[in-house]
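Here is how the chains run, residue by residue.
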Amino acid sequence: MNGPAAMNENTGKTVISELMGKFGSAATPQETRDGVPTVWIEKGRAHEALRYLKTGSESRFRMLYDLTAIDERVRANRAGQPESDFTVVYHLLSYDKNEDVRIKVALKGDSPEARSVTDIWPAANWYEREVWDMFGVRFDGHPNLRRILMPPTWKGHPLRKDHPARATEMGPFRLPDERSEEEQMALKFHPEEWGIKPGVREADYMFLNLGPHHPGTHGLLRIILALDGEEIVDAVPDIGFHHRGAEKMGERQSWHTYIPYTDRIDYLAGVLNNLPYVLAVEKLAGIEVGDRVKVIRVMLSELFRIESHLVWYGTFAQDLGALSPVFYTFYDRERMFEIIEAVCGGRMHPSWFRIGGVAQDLPRGWDGLVKNFLDWLPHRLAEYDRIIMKNKMFKVRTQGVGAYTLDEAMEWGVTGPNLRACGFEWDWRKKRPYSGYEWFDFEVPTAPVGDCYGRAVVRVEEIRQSMRIVRQCMENMPPPAPGREYKSRRPLAAPPLKEKTMLDIETLINHFLGVSWGPVIPPGEAAVGVEAAKGNNSYYLVSDGGTASYRTRIRTPSFPHMQTIPFLSRGLTIPDLIAILGSIDFILADIDR
Amino acid sequence: MGKTVPETIRHLIIVFGVLAVMMSIAAGLIWVERRLLGFWQDRYGPNRVGPFGILQPLADMIKVFAKEDWVPPFADRPVFILAPAIIVVTVLLAFAVVPFAPSISVADLNVGLLYFLALSSLGVYSVALGGWASDNKYALIGALRASAQMISYEVFMGLSLMGVVMLAGSFNLRAIVEAQRRLWFVVPQFFGFVIFLIAGVAETHRLPFDLPEAESELVAGFHSEYSGMKFGLFFVGEYLGITLISALIATFFFGGWLGPLLPPAVWFFIKTFFFIGVFILLRATLPRPRYDQLIRLGWKVMLPLALANLVVTGGIILAAG
């Protein structure tokens, strides 16, 4: 992915040759812009290859990082790739060697089928349901292949190229009585459909709908609980209420105008969402940004990480019944927004990063604001330590509740603070530095036990480490100088710098096209992941040489985290479930996209 | 019978006076609590209606009375309507035995303390029936939690007061206050005081023991289906409960109306309001324990502590002859 290129190339070659050696003509390598070793495996041997990569290969690809698909039917630039109508893409990650591998499986026909990998990685469950929902790819051997994001009555599969992207392409909406009746019947609750095993007698369990509107779910999330008294026998999350088709939008918006959509994925982390997207586009466009851009991006990203963690801190305490902390942390968050307002002009969704740079240079006096904030926060954090983290009642509610081991976390695709809470120091800012993180001095906090308390400890310490990074950014900001501006001068940077447009016609034309159509990004594929506030967030972009992306895949951290809820909460009680929900720190928009 | 007319009138004035004062305090507490919480949470709280927002309860009352009187079609109608009234009635009846000053109390019962305990037990019915009649799963869970919590905590609430009874030699609240002329009972009965305070918080199901309503878990718990004035009665009942427990803490452990210089009733209200403040501060500070943790604390810590307190007190009194 973005790691040190040399290392990736070497290890990449070994994985590719390993697969070629073992699977011979069934394996076809593919060049990608991001340097992630990418291998096509024939459908019949894909399952075997994936199992081999997880258990047999010396790299041990323990984690299923992402599983998605591409509708290849109208893609023009795919020379050298095997024939395919729908391609299922598996992105695997090895912790042992810090490397990636991307496995592609070509499927043919209008109702393609593939073999499920849920028996290799339990985390594949939701990902395969999503691919079924969005592309209509069936997975043989999947325990419960149902739609996951779209309503059960939806016609068609939205991410197929022949599915309309806008309501205006779909004809007027009508809801006659019989259809209304049908829709309501489709929502009728049958426990078996959700994979809940019935009790011996019908009256054994009480089914409780926690949500879609509930104070403890932090947004539109429904968790179906099968309760025995207050004990949770089974919990099934029902997601998709917040689905806005963000990936489909990527195929319609220009490369530049898609940036604001990214802000709204993890809507608490603002520009931290822009970062993987612009990094991926820059990789496709071959743009290297200057040092000043990198440091500005790091500073704002870390400020947003602090902001996201502050919101989590207050709301987590509130989930456990403490009324006051949420007001304190939101106050601190306002102080942080003073900086963001001054720099970006926006607050939660500044959409401020650009392809090849940032929207504007830093305003005069920005460093004073940052310094005020950095001087303000430490004593507040010390106070929160006393009222929250060291509070006995807080500890009895969180310690030992909702714990997973490191192995379980890896199996389920858990990343970010939730993974580090298992005592595993894995942070892409350190392991695969991007955007200049290698220049900064900070620590990666971990916790000994992956319970609710451990996850809280990691996040609280991350606020402090992020403050260290922001201080280093403030003190060492590279001065603006020619070649070190806030935006690259490469032709594909959007929108292009303007000072010479009125002086010669070529620059004017180029500028006009760059602003009206947006840049034309050369064909290719690239995925870039960053250490976002909630975990690893990456954008996998496929360009077909147009002004918009051919396929935009957003791998969000909250999606696999939410999938762990049934596993974490079985046998516990409702208050524990609320504590777990608070402690894994998800954002519904980040799950549903 | 046998009472003169002026005496009867005096009694009536006290009865209605206590009723009016208690209802106003309960309503006023809505404002006090929100302002205090605002103060402790770095925000304003209601400050728009009248000076310092003091007329906020009035505005709230107009709002709540003007709301539609709604009973969900699936609810058990008579019980649903009756439930919120129970809490207000039982708490108000309990105020009858509270001595506000040497000459101001509605009833001077010899079994005043037992009378209070009895009424506080009846209060459970309000929450349990309200939750049950709502025919809502959240309300049901809330009601079950409330019943278990209040029944458990009642046991040692009574026990915690027996030390006071031993020292005063009476169940009469006036006699208990009189017995504290030399020394407030909080000193010899410190554990009794702590246990009573904790049980009091649990009885009024206030944070940190607000498990029956537990917003982040059960939406609104037992009163999820309530709105309008029926919800308002639960609300007022809660504030009346706080006032009652605070008044009783002052009576049992802090010498009731006793105090220098100021008139007795003033001392009584100063002490009562101090403990109301403590209740609100607790709410602003503490998170909520889990249901099983709360019950475990009750039976495994508080009950043995209350019994030990009783034995030691009894032993000392016996030894002192």
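Residues numbered from 1 in each chain as written. Chains lettered and ligands numbered in written order. Predicted model: local features only at pLDDT ≥ 70, side-chain atom pairs only at ≥ 80, totals over all residues. Heavy atoms only, no water.

(A) Just a nonpolar patch on the surface, in detail. Residues and elements named next belong to chain A. On the surface, a cluster of nonpolar side chains totalling about 770 Å² of accessible area is made up of Met 502, Ile 505, Leu 508, Ile 509, Phe 512, Leu 513 and Trp 517. Structurally, the position occupied by Leu 513 is in helix H16 (residues 505–516). For Leu 513, a relative accessible area of 33% corresponds to the partly exposed category. (Patch = residues over 30% accessible without salt bridge, like charges linked within 9 Å, V, L, I, M, F, W, Y side chains within 5 Å. Areas by Shrake-Rupley, 256 points an atom, 1.4 Å probe, with all protein chains shown as cover. Salt bridge = Lys/Arg side-chain N within 4 Å of Asp/Glu carboxyl O. Helix = DSSP H or I, 4+ residues; strand = E, 2+ residues; numbered from the N terminus. Buried < 20%, exposed > 50% of the residue type's maximum accessible area, 1.4 Å probe, protein only.)

(B) Up close: the nonpolar core. The biggest cluster of nonpolar side chains holds 170 residues, and the ones touching the most others in it are A:Leu67, A:Tyr90, A:Ile103, A:Leu225, A:Leu300 and A:Trp352. If one sorts the elements of this core by residue count, helix H8 (residues 291–319) of chain A sits on top with 14 residues. Those residues in contact with A:Ile103, other than ones at most four positions away along the chain, are A:Leu19, A:Val39, A:Ile41, A:Leu50, A:Leu53, A:Val88, A:Val89 and A:Tyr90. Among the nonpolar cores identified, the runner-up in size contains 80 residues, and B:Val71, B:Ile242, B:Leu244 and B:Ala306 belong to it. (Core = buried A, V, L, I, M, F, W, Y, C linked by side-chain atoms within 4.5 Å. Contact = heavy atoms within 4.5 Å.)

(C) Structural detail: the interface of chain B and chain A. Each side of the interface is counted separately: chain B has 24 residues, and chain A has 32 residues. Carbon and sulfur atoms supply 59% of the area buried between chain B and chain A, which totals about 2500 Å² over both sides. Of all residues in chain B, B:Ser216, B:Pro287 and B:Arg290 bury the most surface against chain A, accounting for 23% of the area lost on that side. Where chain B packs against chain A, one counts three salt bridges. If you look at where chain B meets chain A, you find ten residue pairs in polar contact (both at pLDDT 80 or more). (Buried area = accessible area lost by both parts, 1.4 Å probe. Polar contact = N/O pair within 3.5 Å; in protein donor to acceptor, adjacent residues only side chain to side chain.)

(D) Summary view of the environment of B:Gly277. Position of B:Gly277 among the secondary structure elements: in helix H10 (residues 264–285). Counting along the chain gives 245 residues from B:Gly277 to B:Val32, while the straight-line C-alpha distance between them is 8.9 Å.

(E) Looking closely at the packing of helix H10 (residues 366–389) of chain A against helix H15 (residues 452–475) of chain A. Residue and element names in this part refer to chain A. Closest axis-to-axis distance for the H10/H15 pair is 10 Å, and the angle between their directions is 160°. Classified by the angle between their axes, H10 and H15 sit roughly antiparallel to one another. Seen from above, H10 lies across H15 with left-handed handedness. Across from Trp 366, Asp 367, Val 370, Lys 371, Leu 374, Asp 375, Leu 377, Pro 378, Leu 381, Ala 382, Asp 385 and Met 389 in H10, the residues of H15 making contact are Tyr 453, Ala 456, Val 457, Val 460, Ile 463, Arg 464, Met 467, Val 470, Arg 471, Cys 473 and Met 474. Class assignment for the residues of the contact of H10 with H15 results in 17 nonpolar, no polar and six charged. (Axes fitted to C-alpha atoms, helices over the stretch in contact; angles between N-to-C directions. Parallel < 35°, antiparallel > 145°, perpendicular 65-115°, else oblique. Left-handed = near helix turned anticlockwise from the far one by under 90°. Nonpolar A, V, L, I, M, F, W, Y, C, P; charged D, E, K, R; others polar.)

(F) Molecular detail of the side chain of A:Glu230. With respect to the helices and strands, the residue A:Glu230 is situated in the loop between strand E9 (222–228) and strand E10 (231–238). With relative accessibility at 14%, the residue A:Glu230 sits in the buried group. Reaching out from A:Glu230, the side chain makes a polar contact with the side chain of B:Arg145 at a distance of 2.5 Å.

(G) Highlighting the pattern of salt bridges. Scanning the model with the defined rule gives 59 salt bridges over all chains in all. Here A:Arg553 and A:Glu130 are joined by a salt bridge, their closest N and O atoms 3.2 Å apart. Taken as a pair, A:Arg553 in strand E15 (residues 551–555) and A:Glu130 in helix H3 (residues 124–135) lie far apart in primary sequence, 423 residues in all. Accessibility assignment for this pair places A:Arg553 and A:Glu130 in one class, buried. A salt bridge links B:Arg145 to A:Glu230; its shortest N-O distance comes to 2.5 Å. One end of the pair, B:Arg145, is in helix H5 (residues 137–168); the other, A:Glu230, is in the loop between E9 and E10, on a second chain. The same class applies to B:Arg145 and to A:Glu230, which are both buried. Because the salt bridges share partners, they merge into one network encompassing A:Glu302, A:Arg305, A:Arg420, A:Asp427, A:Arg429, A:Glu462 and A:Glu531.

(H) Structural detail: unusual backbone geometry. Residue and element names in this part refer to chain B. Positive phi outside glycine occurs at Asp 135, with the angle close to 55°. Structurally, Asp 135 is set in the loop between helix H4 (112–133) and H5. A relative accessible area of 53% places Asp 135 in the exposed class. Its identity as a non-glycine residue notwithstanding, His 205 has a phi of 35°, on the positive side. Of note, His 205 is situated in the loop between helix H7 (190–203) and helix H8 (215–218).

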